[in-house]
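Reading the structure
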There are 2 protein chains.
Amino acid sequence: MSIKVENLKINYKTLEEFNKFREVGVQELSMKEELETNMVENDSDSPFYGIYLGNKLVARMNLYKRDARFDQYFEPPQNYLELWKVEVLPGYQKKGYGSAMVEYAKSFGLPIKTNPRVNSTDFWEKMGFERVTYDLERDLGENPMVWYPEGVTEQVHE
Amino acid sequence: MSIKVENLKINYKTLEEFNKFREVGVQELSMKEELETNMVENDSDSPFYGIYLGNKLVARMNLYKRDARFDQYFEPPQNYLELWKVEVLPGYQKKGYGSAMVEYAKSFGLPIKTNPRVNSTDFWEKMGFERVTYDLERDLGENPMVWYPEGVTEQVHE
């Protein structure tokens, strides 16, 4: 079985599919408003990726490219990806969809940062992510985990 | 009854008290390590605040001052406070301890930003916080709420 991760377009169908997921927040509401007020075009590109089984979106993640000038995590400082809202619908879990999405994110070859949910550390470690050295001023309430492509190391702070 | 919010010193007793709270994470582990390796002095100042009943810490929050140059939320851009891990121990909730901590944070007269936990919006609205206009590039997976002191408004992004 081959699992295909695809970029989701911003349109009413996508937003409708998102309602089935647990982590629906102001982000999606804001996108809906932008669609309704024509601030974005229907089928605009988005930072949303997902896996369809037939017509049904069963897994999603958000992935956003950060510019090197905001990089406080990687050495040398460089463009990197922020990954969030990795979620697989109940009934479709433990089938490799979550891993497939994270592998897809890694395929860009950029370092990745994520803020894992409580109790998800095992999953992230299995995917090759590791904790950064906690830095109060940078991380505050976050517990970031990162994935380093070859040749990239942790940015060290005093 | 008067409720006293106090700044907590970083020491073994404080870290021991933190173990009773739900949101104990790498932050506290990192502080413990810093204590053990003498990277910080015992009784150093901390961004932790809390309420003691007798010898028992029953409520806590973290409060950290951000420099104006990192301000993407307030107009005019200025120093502001990041508030996180507001938590009251079970058995001590609904007695005003949470509100007392947030009022204490407001007493500094600086704008405040927080990332509310799911389902805590009502509490924050009661405390005078409001949602900001969601900005993907700035907020990513966060749903920030803010409190504006008089004369401060939302920073507008294109």
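Each value, and the rule that gives it
Residues numbered from 1 in each chain as written. Chains lettered and ligands numbered in written order. Predicted model: local features only at pLDDT ≥ 70, side-chain atom pairs only at ≥ 80, totals over all residues. Heavy atoms only, no water. Least-squares fit on C-alpha atoms with pLDDT ≥ 70 in both. Contact = heavy atoms within 4.5 Å. Buried < 20%, exposed > 50% of the residue type's maximum accessible area, 1.4 Å probe, protein only. Helix = DSSP H or I, 4+ residues; strand = E, 2+ residues; numbered from the N terminus. Pairing = 2+ DSSP bridges. Polar contact = N/O pair within 3.5 Å; in protein donor to acceptor, adjacent residues only side chain to side chain. Buried area = accessible area lost by both parts, 1.4 Å probe. Salt bridge = Lys/Arg side-chain N within 4 Å of Asp/Glu carboxyl O. Nonpolar A, V, L, I, M, F, W, Y, C, P; charged D, E, K, R; others polar.

1. A look at the relation of the copies chain B and chain A
Note on the copies: chain B fits chain A at an RMSD of 0.0 Å, the axial shift is 0.0 Å, and the rotation between them is 180°. The superposition of one copy onto the other is thereby described by a two-fold rotation axis. Both copies contact each other with a shared surface, as 100% of the interface residues of chain B are interface residues in chain A too.

2. Considerations on helix α3 (residues 97-106) of chain A
Most of α3(A) is tucked away, with 7 of its 10 residues classed as buried. Along α3(A), the residues that are buried comprise A:Tyr97, A:Gly98, A:Ala100, A:Met101, A:Val102, A:Ala105 and A:Lys106.

3. Observations concerning the pairing of strand β5 (residues 80-88) of chain B
Residue and element names in this part refer to chain B. Counting buried residues in β5 gives 9 out of 9 residues, a clear majority hidden from the surface. Inspection of the sheet shows strand β3 (residues 56-66) paired to β5 by 7 bridges, in the antiparallel sense. What sits directly across from Leu63, in β5, is Leu83. Relative to strand β6 (residues 112-114), β5 runs parallel, the two sharing 3 bridges.

4. Describing the environment of B:Gln93
Residue and element names in this part refer to chain B. Position of Gln93 relative to the elements: it lies in the loop between β5 and α3 (97-106). On the accessibility criterion, Gln93 (42% relative accessible area) is partly exposed. Separated by 35 residues in sequence, Gln93 and Val58 have C-alpha atoms that sit 9.0 Å apart. Here the side chain of Gln93 touches Val88 through a polar contact of 2.8 Å, landing on its backbone oxygen.

5. Here's the deal with the interface of chain B and chain A
Contacts between the two partners involve 18 residues from chain B and, on the opposite side, 18 residues from chain A. When the area that chain B buries against chain A is broken down by residue, the three leading residues are B:Val26, B:Tyr134 and B:Leu140, summing to 32%. On inspection of chain B and its partner chain A, the count reaches 0 salt bridges. Summed over the shared surface of chain B and chain A, the result is 4 residue pairs in polar contact (both at pLDDT 80 or more). Secondary structure elements with two or more residues in the side of chain B that touches chain A: α2 (26-36), β3, β5 and α5 (136-139) of chain B. When the residues that make up the side of chain B that touches chain A are grouped by side-chain class, the tally is 7 nonpolar, 5 polar and 6 charged.

6. Digging into the sheet that holds strand β2 (residues 48-53) of chain B
Residue and element names in this part refer to chain B. Across the sheet, which stays open at both edges, the 7 strands sit in the order β1-β2-β3-β5-β6-β8-β7 with mixed pairing between neighbours. Strands at the two margins of the open sheet, each flanked by one partner only, are β1 (5-7) and β7 (130-131). For β6 and strand β8 (residues 145-147), the ladder comprises 3 bridges, and the chain directions are antiparallel. The residue bridging Ile112 from the neighbouring strand is Trp147, located in β8.

7. Description of the side chain of B:Glu87
Examined against the element boundaries, B:Glu87 turns out to sit in strand β5. A polar contact of 2.5 Å, which involves the side chain of B:Glu87, links it to the backbone nitrogen of B:Arg22.

8. A word on the environment of A:Glu142
Residue placement: A:Glu142 occurs in the loop between α5 (136-139) and β8 (145-147). Residue A:Glu142 is classed as partly exposed on the basis of its relative accessible area of 22%. Sequence spacing of A:Glu142 and A:Ala68 is 74 residues, and the spatial spacing of their C-alpha atoms is 20 Å. Not counting chain neighbours up to four residues away, the residues in contact with A:Glu142 comprise A:Tyr73, A:Lys113, A:Asn115, A:Tyr134 and B:Glu142. A polar contact is formed between the side chain of A:Glu142 and the side chain of A:Lys113, at a distance of 3.2 Å.

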